[in-house]
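So you can see what is in the structure, the chains are spelled out below.
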Amino acid sequence: MIVHLLRWLFGYYDISVEGKFTERFINLAARKGVNMWKLRNINGCICFCTGKNEWNTAQSAAEKTQNSIHIVKEHGLPYILAKHKHRSGLLAGAVLFAVFCKVMSCFVWSISYQLPEIINEYEMQEILSEYGFHEGAYRESLNVQDIIDKISLKDNRISWMTINIIGSCAEVRVSPDTSQSLNRRDISQTSNMISAADGTVTRIKVKNGSSKISVGDGIKKGQMLVSGVMEYNDGTNVIVDSNAQVFAKTARSAEIKIPKNIEVPVFSDSAAVKSEIVFFGIKLPFSIQDTPDCNNIKTAESEQLTFLDSRLPLYINSEILREYTKKPVVLDRQQAETILKNKLSLYEVFMLGSTNQGTVLQKKISFSESSDSYILKADYEIEEDVCIRMPLKVVSGDSQD
Amino acid sequence: MKKSKGDQGMKMPAFMANLGNVHMDISGNHEIILEGGKGIVEYGDKSIKINAGKYILAFCGRGLHIQCMNDSDIVIHGFVTSIEYIM
């Protein structure tokens with residue numbers, strides 16, 4: 001393979017020799033150091049290939065052995081260059097391309113992320129951009145270790161981070177700080193646990209402190225549930241940082257109203273699309289349509305192109321504008337119920353998210369109608385952890401000798 | 001390496017040159033690498049004869065051709081049916 005490449009680089013000839021003493025020619029040419037390959041005897045005529053530099057030697061050997069020799073074809077890079085020597089633009093383009101590749105390879109164009117669930121990709125992009133690490137950044141100007149140190153110190157969610165730059169591609173890997181999920185607290189602090197809501201106690205789990213309530217007790221908001229003062233049988237008291245979970249049944253209620261007469265958007269079939277291609281940070285619009293004059297809703301999409309699992313520095317951003325008109329509608333009972341139940345589902349998601357490990361035990365829904373609106377009332381019985389921590393301030397008294 | 005008088009220009013070790021032997025590598029019946037040959041006596045599609053000094057090596061077959069050669073080494077490709085030593 002390498003030999004073929006070298007022969008092509010330096011150039012070689014297809015040569016034909018004919019005469020009465022072709023074997024003598026072969027022997028003499030070989031003795032004189034002419035390298036021959038692909039020798040063929042075609043109807044008494046010897047055809048072979050030899051290097052460009054050996055033509056003169058072969059020619060003298062042919063003359064000595066009274067054979068006629070001529071070049072059938074030329075091969076190799078020197079002849080290709082000679083053939084295209086008038087096309088200076090081709091050479092200039094090749095040189096420019098090589099320079100372009102060399103210059104572009106000095107920048108980071110593709111960043112891939114391996115992140116835990118607590119940090120999303122856009123957030124990490126913003127954080128890295130603050131320290132100058134983004135697509136299109138000059139590689140030599142990036143102090144990767146410095147960036148890693150600063151981000152790891154600043155963001156408590158990150159325990160370990162690495163940025164690997166290979167060529168123009170970078171890979172960012174982050175490991176989360178799992179110590180926060182263990183709820184480690186500063187043991188030098190002391191606290192009580194108090195109730196966040198009214199309810200009835202169903203379960204108690206005390207890890208530290210002394211419990212002041214038992215299962216079945218009614219509790220009020222602000223009532224102390226677990227004390228940080230632990231009393232021992234010998235009369236000594238120790239103040240600790242209390243830690244407990246107290247589950248209680250609590251009540252929540254919600255009321256949602258919608259008017260009977262509402263305006264709904266009716267979308268037209270047509271949509272205006274504005275698209276642009278972003279290449280190495282340069283934006284080139286390739287589809288432009290007028291923004292509709294009447295009401296419209298805009299949705300934006302951005303797609304990064306990939307090739308063989310590698311992200312390219314090529315994005316297609318699209319804005320889709322859809323016209324709509326508002327149409328007045330009078331809701332009937334069934335439609336109103338459906339809408340109200342959908343809103344209630346959304347409320348439940350946020351409501352449960354605001355509780356601490358809350359689960360719905362019972363739910364009662366009632367639907368009513370007034371002169372101008374429909375009303376949905378929901379009453380919930382929820383079991384949740386109602387403990388919240390209240391720090392204790394410990395003031396030391398003057399000691400008497 | 002000691003060279004004998006009659007072996008100027010040959011690249012073989014002296015003991016082989018004195019024996020007048022060529023070194024032949026045969027791969028199946030389709031490739032022959034010959035080292036130490038002294039020239040081509042006959043070159044054709046069905047027969048190639050090489051001067052080995054004290055004798056002539058004749059390769060017979062079909063589609064025979066010299067793949068590459070220099071002053072002392074020859075590579076023959078083709079379908080070889082017989083090899084003769086002609087004294």
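Residue positions are given per chain, counted from 1 along the sequence in the order it is written. Just so you know, chain letters begin at A and ligand numbers begin at 1, following the order they were written in. Where local features are concerned, this predicted model is filtered to residues with pLDDT of at least 70; where side-chain atom pairs are given and counted, the filter is 80 or more; whole-chain, interface and lining totals use all residues. Just so you know, side-chain values use all the structure's heavy atoms and leave hydrogens and water out.

**Side note on the interface of chain A and chain B**
(1) Moving on: The partner chain B presents 14 residues to the 14 residues of chain A that form the contact.
(2) Moving on: We define buried area as the total accessible area lost by two parts upon association, computed with a 1.4 Å probe and summed across both. For the chain A and chain B pair, buried surface summed over both sides reaches about 1200 Å², with 52% attributable to carbon and sulfur atoms.
(3) Moving on: Two N or O atoms count as a polar contact when they lie within 3.5 Å, although within protein this holds only if one can serve as hydrogen donor and the other as acceptor, and sequence-adjacent residues are included solely when both atoms are side-chain atoms. Taken together, chain A and chain B are joined by eleven residue pairs in polar contact (both at pLDDT 80 or more).
(4) Moving on: Looking at which element gives the most residues to the side of chain A that touches chain B, the answer is strand E2 (residues 36-42) of chain A, with six residues. Pairs of residues are marked as contacts when any of their non-hydrogen atoms sit within 4.5 Å. Per the convention used, a helix needs a DSSP run of H or I reaching at least four residues, while a strand needs a run of E reaching at least two, with both numbered from the N terminus.

**Some remarks on the sheet that holds strand E6 (residues 110-114) of chain A**
Residues and elements named next belong to chain A.
(1) Moving on: One requirement defines pairing of two strands: DSSP has to find at least two bridges between them. Sheet architecture is open: three strands sit in the order E6-E9-E8, paired in mixed fashion. At either end of the open sheet lies a strand with only one pairing partner, and these are E6 and strand E8 (158-166). Strand-to-strand twist in this sheet, taken as the mean axis angle between neighbours without regard to direction, amounts to 15 degrees.
(2) Moving on: Bridge count between E6 and strand E9 (residues 169-176): five bridges; the pairing is parallel. The residue bridging Gln114 from the neighbouring strand is Arg173, located in E9. Geometry is summarised by axes, namely lines fitted to C-alpha atoms with helices restricted to the contacting stretch, and by angles between N-to-C directions that run from 0 to 180 degrees.

**Considerations on the confidence of the model for chain A**
(1) Moving on: On a range of 0 to 100, pLDDT expresses the predictor's confidence in each residue. Per-residue confidence for chain A averages 85 on the pLDDT scale, and 95% of its residues sit at or above 70.
(2) Moving on: Note that residues 180-185 of chain A has pLDDT below 50 and, in this model, seven contacts with residues that lie over four places away or in other chains.

**Here's the deal with helix H8 (residues 333-354) of chain A**
Residue and element names in this part refer to chain A.
(1) Moving on: In a regular helix each residue adds 1.5 Å, so 22 residues correspond to 32 Å; H8 covers 31 Å between its end C-alpha atoms and thus fits that length.
(2) Moving on: Exposed residues in this analysis have more than 50% of their type's maximum accessible area, buried residues have under 20%, and partly exposed residues fall in between, with area computed by a 1.4 Å probe over protein chains only. Within H8, the full set of buried residues consists of Ala336, Leu340, Leu344, Glu348 and Met351. For H8, the angular spread of buried residues about the axis comes to 115 degrees, placing them on one side. In H8, the exposed residues that point more than 90 degrees away from the buried face are Asn342, Leu346, Val349, Phe350 and Gly353.
(3) Moving on: Tucked into the core, H8 has its buried residues touching strand E17 (243-259), strand E22 (359-369) and strand E23 (373-385). Here a helix's expected span is defined as the number of its residues, less one, multiplied by 1.5 Å. Here the arc refers to the set of directions running from the helix axis out to each C-beta atom.

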